Amino acid sequence: HQSTWTSDLARFGFKYVGLAVLRFMMGNASSERILENMKLSELPEGYKVSGYQEAYREDAIRIIHDSFKDTQDALYDVRFKSIEGTTDVINKVVDSIYGEFLPEVTSVLLYNDKPAGFAFANITGGKIANIPLVAIEKPHRGKGFSEHLLNRSIKTIVDWTKIGKRAFTEVNVTTETNNYKALKLYRRIGFKEDFCYPQAYLVQKR
């Protein structure tokens, strides 16, 4: 019902960003086949992907801030514009304020054993897993590393479900409706678009 309010909110000066919700459903043969058949590039020398460790928190704050501070996300969540605000976001994810944090499922790109990218994972409710944040440090972008991070995270969730370690019904992600690069990436992994909705934000006057 949110969309019925958009014209009313616009009169008060609110702007909008369209958000798309995509889902990877457990047990969906098509999605699991897409994931299994993904062709990943070889990781260059010095790179590897592993799980999350507490020692990576400060790097996560820095990389997420640098990646999100000038994006549309920062329009409706201004915390991304500052290190202090991004610290609040990461702390709430890692300390399980925003659902149960999954450090083993969270994927970290390491370059010479130092974090260069993250794909966070948590449980938002019941048996629903979520990938709330994906970011690659600027010098390491454009090399397909996001695919490696997401592939590892989603495969871990699928494997846990199959062996009965944890019971998940789906993994979901959210991205802007005009972020075609992200939408294409999620489709390549096996996500399918479910619905879109408008996110309202108010530009602060200085």
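Reference entry: report on the structure contained in this document.

Reading the values: rules and limits
Residues numbered from 1 in each chain as written. Predicted model: local features only at pLDDT ≥ 70, side-chain atom pairs only at ≥ 80, totals over all residues. Heavy atoms only, no water. Buried < 20%, exposed > 50% of the residue type's maximum accessible area, 1.4 Å probe, protein only. Helix = DSSP H or I, 4+ residues; strand = E, 2+ residues; numbered from the N terminus. Pairing = 2+ DSSP bridges. Core = buried A, V, L, I, M, F, W, Y, C linked by side-chain atoms within 4.5 Å. Contact = heavy atoms within 4.5 Å. Axes fitted to C-alpha atoms, helices over the stretch in contact; angles between N-to-C directions. Expected span 1.5 Å × (residues − 1). Arc of directions from axis to C-beta.

## A word on the pairing of strand 5 (residues 114-119)
Next up, step 1: Burial within strand 5 is extensive, with five of its six residues counted as buried.
Next up, step 2: Pairing of strand 4 (residues 107-111) with strand 5, which is carried by five bridges, proceeds in the antiparallel orientation. If you follow Leu110 over to strand 5, its bridge partner there is Pro115.
Next up, step 3: Hairpin connection between strand 4 and strand 5: a loop of two residues separates the two successive antiparallel strands, and Asn112 in this loop has a positive phi of roughly 50°.
Next up, step 4: With three bridges connecting them, strand 5 and strand 8 (residues 134-136) associate as antiparallel partners. Each bridged residue has a counterpart across the sheet, and for Ala119 the counterpart in strand 8 is Val134.

## So, the nonpolar core
Next up, step 1: With 33 residues, the main nonpolar core has Phe24, Ile154, Phe168, Val171, Ile189 and Phe191 as its most contacted residues.
Next up, step 2: A per-element tally of this core places helix 6 (residues 145-163) first, with seven residues.
Next up, step 3: If you look at the next biggest cluster of nonpolar residues, it comprises 20 residues, including Tyr52, Val89, Val94 and Val108.

## A closer look at the sheet that holds strand 3 (residues 100-101)
Next up, step 1: Taken together, six strands build an open sheet; the order of strands is 3-6-7-9-1-10 and the sheet is mixed. Across the chains shown, the open sheet's two edge strands, defined by having one partner strand only, are strand 3 and strand 10 (192-202).
Next up, step 2: Here ten bridges tie strand 1 (residues 14-25) to strand 10, and the two strands are oriented antiparallel to one another. Counterpart to Lys15 in the pairing with strand 10 is Tyr201.
Next up, step 3: Its contacts with the sheet put helix 7 (residues 180-189) on strand 1, strand 9 (170-176) and strand 10, and the angle it makes with strand 9 is roughly 165°.

## A look at helix 5 (residues 83-94)
Next up, step 1: Under the 1.5 Å per step criterion, the end-to-end length of helix 5 is 16 Å for twelve residues, consistent within 8% with the ideal 16 Å.
Next up, step 2: Among all positions of helix 5, only Gly85, Thr86, Val89, Ile90, Val93 and Val94 are buried. One side of helix 5 holds all its buried residues, which, seen down the axis, span an arc of 165°.
Next up, step 3: For helix 5, the elements touching its buried residues are helix 3 (57-68) and strand 3.
Next up, step 4: Looking at the residues trailing helix 5, positive phi occurs at Ser96, about 60°.

## Re the sheet that holds strand 2 (residues 47-51)
Next up, step 1: The antiparallel open sheet is built from four strands, whose spatial order is 2-4-5-8. Only two strands of the sheet have a single partner each, and these edge strands are strand 2 and strand 8. Averaged over all adjacent pairs, the angle separating strand axes in this sheet is 30°, with direction ignored.

## Quick word on helix 7
Next up, step 1: Those residues of helix 7 that fall on the buried side of the exposure criterion are Ala182, Leu183, Leu185, Tyr186 and Ile189. Seen end-on, helix 7 carries its buried residues on one side only, within an arc spanning 160°. Residues of helix 7 that are exposed and point more than 90 degrees away from the buried face comprise Tyr180, Lys181 and Lys184.
Next up, step 2: Structurally, helix 7 contributes buried residues whose contacts are with strand 1, helix 2 (29-36), strand 8, helix 6, strand 9 and strand 10.
Next up, step 3: Where helix 7 ends, the next residue or the one after it, Gly190, has phi of about 120°, a positive value.

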